[in-house]
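Structure at a glance
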Amino acid sequence: MDKLEGYYFSAVFSGCFLLSSLLFSKVTREQRDPYMDEIFHIPQAQQYCQGHFNQWDPMITTLPGLYLTSVGIVKPAAWLFGWSENVICSSGMLRFINLLFSLGNLYMFYLILCRIHTKVSALRRILCTLTLYLFPTLYFFTFLYYTDPGSTFFVLFTYVMCLYGNHKSAALLGFCALCFRQTNIIWIVFCAGNIIAEKVLESWRTQLKKNDEKPSSKKTSLETLDAVRFLIRYLMSPQNIGTLVLLTWPYIILVMFFIGFIVFNGGIVVGDRSNHEACLHFPQLFYYFAFTMVFSFPVFISVQKIRDFIRSVCRHPLLYGGLACLSLFLIWKFTYVHQYLLADNRHYPFYVWKNIFQRHDLIKYILVPGYLFAAWSFVDALKTKSALWLLMFYVCILFSTVPQKLLEFRYFILPYLIFRLNTSIPSTNKLLLELVLYVAVNMITFYLFLYKTFLWPDNEETQRFMW
């Protein structure tokens, strides 16, 4: 970054740290005791703080990366500053770890945007970085002791190292990401796929030059039939396969290690598996597209986009008719409703399901045209990417959403962020509109969490609304 851009980014970074620290102080004062999943995470981290590494809460379903990282940070800090045990293992101190991860995410966003969008102005890159930092679903968990900020940080750090060609470091960071959440293996595979797509595209362009074909006369994004044939020929060559293996071997080793873990553990989930069973919940893909459209509509949705979609439907009625029929069938046969979604009125998905999907049995089918428009907008926003990259990304989205039985917006955080990081950075006005949307949603979210508390009839503890 140039000197002036560095000053701008430093100012944004410092401002985010100051404002987030003030909000962190407010949240911690209002909710001192562990809340929601913190009742599992905080006691477990406190056990590790006390050196009891052989004790484990069977209700926890993720690996102990969050707790080990927390101990690795707070213990040296306690020794350096002379803090007492009750301070370093307190809820507030453990939550503060996520504030640090959140700032790390801010820096990762910026590095990725600088690497992918080299021709965009510094102002727009920094503005986009700030917007992604304030992405409401992730930003809220900056102030609670959840795995999301740390998990996101290590996945983004892995992606950064992959983009900059440091694949051994990327694999090591990917291992850390796995220790936070096992499903992050999907995004480690995404990084390996990113390398493969780049290498195949390089060979494709070389082939075009050998054939003396002008770049303008051929699409170099593997969208033509000739390109598909080239891809098949490329992958059938043992020499090419060997080249790809040499490029991605750190990720391959990590994937093999993960497969060994699954065999040894008897599944991907550790601890309580009764409420985390995998299933083919295909409508999750539709929920993800709708989620993406809602949070990115200031950037990607416009009257012109709607007109373009209608023209596309008119030009390809059989295609969209087939997709609509397929969607209706998937919703009919593969819609699952987790007991948590119906029972826990502290989460926003509870109200989405109650006020939209439970209005009438036909609602879930009536929404199909909206899902198709959201999916079309999603694909249109990534139109500059190669077909191979898109195929790899779509498969990752499929595996990160469909197996989840519970409708939980936190599961959409990483797929959404990877999507936004790889789409074209819009104009400053659109970015400002998106930033206003995120700030407004955050203000409403924290207002409800802090001031609109309620009680359950059979429980004396204060309940709060949250993502």
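The structure this text deals with has already been given above.
Because the structure is predicted, anything quoted here is derived from the model rather than measured.

Quick notes on the rules
Residues numbered from 1 in each chain as written. Predicted model: local features only at pLDDT ≥ 70, side-chain atom pairs only at ≥ 80, totals over all residues. Heavy atoms only, no water. Helix = DSSP H or I, 4+ residues; strand = E, 2+ residues; numbered from the N terminus. Rg over C-alpha atoms; globule rule 2.2 N^0.38 Å. Buried < 20%, exposed > 50% of the residue type's maximum accessible area, 1.4 Å probe, protein only. Areas by Shrake-Rupley, 256 points an atom, 1.4 Å probe, with all protein chains shown as cover. Lys, Arg positive; Asp, Glu negative; His and termini not counted. Charge placed at Lys NZ, Arg CZ, Asp CG, Glu CD. Core = buried A, V, L, I, M, F, W, Y, C linked by side-chain atoms within 4.5 Å. Contact = heavy atoms within 4.5 Å. Patch = residues over 30% accessible without salt bridge, like charges linked within 9 Å, V, L, I, M, F, W, Y side chains within 5 Å. Salt bridge = Lys/Arg side-chain N within 4 Å of Asp/Glu carboxyl O. 1 Å grid on protein atoms, 1.4 Å probe; cavity = no way out; pocket = protein on both sides within 12 Å on 5 of 7 lines; lining within 4 Å. Points joined across faces, edges and corners; volume = space filled by probe spheres on them. Nonpolar A, V, L, I, M, F, W, Y, C, P; charged D, E, K, R; others polar. Axes fitted to C-alpha atoms, helices over the stretch in contact; angles between N-to-C directions. Left-handed = near helix turned anticlockwise from the far one by under 90°. Polar contact = N/O pair within 3.5 Å; in protein donor to acceptor, adjacent residues only side chain to side chain. Phe/Tyr/Trp six-rings, centres within 6.5 Å; stacked < 30°, edge-to-face > 60°. Expected span 1.5 Å × (residues − 1).

**Details of the overall build of the chain**
What the chain contains, in helices and strands, is 22 helices and two strands. The C-alpha atoms of the chain give a radius of gyration of 23 Å, which matches the 23 Å a tight globule of 467 residues would have. Counting all 467 residues of the chain, 50% fall into the buried class. Summed over all atoms, the accessible surface of the chain reaches about 22800 Å², with 66% contributed by carbon and sulfur. Each charge class in the chain was averaged separately, 39 positive and 26 negative side chains, and the resulting centres sit 9 Å apart.

**Some points on the nonpolar core**
Residues F135, W187, F190, F393, Y416, F419 and M466 are the most contacted members of the largest nonpolar core, which totals 140 residues. The element best represented in this core is helix 5 (residues 91-116), accounting for 14 residues. If near-sequence neighbours (up to four positions away) are discounted, F419 is found in contact with Y288, T292, S296, F300, F378, A381, L382 and F393.

**Digging into a nonpolar patch on the surface**
The grouping of L235, I241, V245, W249, I252, I253 and M256 at the surface amounts to a nonpolar patch, some 610 Å² of accessible area in total. With six residues, helix 12 (residues 238-265) is the largest single contributor of residues to the nonpolar patch. Structurally, I253 can be placed in helix 12.

**Observations concerning the layout of surface pockets**
By volume, the second largest pocket is sized at about 760 Å³. What lines the second largest pocket is a set of 24 residues, among which L163, N194, E198, K385 and W389 lie closest to the centre. Counting only elements with at least two residues in the lining of the second largest pocket, the list comes to helix 5, helix 8 (148-163) and helix 10 (185-210). It is helix 10 that provides the largest number of residues to the lining of the second largest pocket, a total of eight residues. A class-by-class count of the residues in the lining of the second largest pocket yields nine nonpolar, nine polar and six charged.

**Side note on empty space enclosed by the protein**
Once rolled over the atoms, a probe with the size of a water molecule shows which space is left empty. For the structure shown, the criterion picks out two cavities of 30 Å³ or more. Volume-wise, the largest cavity comes out at about 50 Å³. Forming the boundary of the largest cavity are F289, T292, M293, S296, F300, I301, A374, S377, F378, A381 and F419. Only helix 13 (283-300) and helix 19 (368-381) provide two or more residues apiece to the lining of the largest cavity. Counting residues per element, the lining of the largest cavity draws most heavily on helix 13, at five residues. Partitioning the lining of the largest cavity into residue classes produces eight nonpolar, three polar and no charged. Of the pockets and cavities examined, the second largest cavity occupies roughly 40 Å³. Around the second largest cavity, the lining residues are S102, N105, F109, Y133, L138, Y139, T142 and P149. For the lining of the second largest cavity, the secondary-structure elements that each account for two or more residues are helix 5 and helix 7 (136-139).

**Some remarks on the packing of helix 13 against helix 21 (residues 413-422)**
Closest axis-to-axis distance for the helix 13/helix 21 pair is 10 Å, and the angle between their directions is 35°. As for the relative orientation of helix 13 and helix 21, their crossing is right-handed in sense. Within the contact between the two elements, helix 13 uses Y288, F291, T292, F295, S296, V299 and F300 and helix 21 uses P415, Y416, F419 and R420. Taken together, the residues of the contact of helix 13 with helix 21 sort by class into eight nonpolar, two polar and one charged.

**Brief notes about the side chain of Q463**
Looking at the secondary structure, you find Q463 in strand 2 (residues 459-463). A polar side-chain atom of Q463 sits 3.2 Å from the main-chain carbonyl oxygen of E461. Discounting residues that sit within four places of it in the chain, Q463 has contacts with Y35, R346, T453, F454 and W456.

**Quick word on the packing of aromatic side chains**
Within this structure, the stated rule accounts for 66 aromatic pairs. Centroid distance Y133 to Y139: 5.4 Å. Interplanar angle 70°. Geometry classified as edge-to-face. With a centroid separation of 5.4 Å and 75° between ring planes, the pair formed by F135 and F295 is classed as edge-to-face. You can see F135 sitting in the loop between helix 6 (122-133) and helix 7 and its partner F295 sitting in helix 13, a full 160 residues away along the chain.

**Focus: the pattern of salt bridges**
In this structure the tally under the stated criterion is twelve salt bridges. In this structure, R125 engages E5 in a salt bridge whose closest nitrogen and oxygen atoms are separated by 3.1 Å. Placement of the pair is R125 in helix 6 and E5 in helix 1 (residues 3-30), with a sequence separation of 120 residues. Take R125 and E5: they sit in the same class, and that class is buried. Notably, a salt bridge pairs K383 with D380, separated by 3.9 Å at the nearest N-O pair.

**A short note on helix 22 (residues 428-451)**
Its 24 residues place the ends of helix 22 34 Å apart at the C-alpha level, agreeing with the 34 Å of an ideal helix rising 1.5 Å per residue. Restricting attention to buried positions, one finds in helix 22 the residues L431, E434, L435, Y438, N442, T445, F446, F449 and L450. Considering only its buried residues, helix 22 is in contact with helix 1, helix 6, helix 7, helix 13, helix 17 (348-357) and helix 21.

Purely geometric stuff here, so don't read any function into it on its own.
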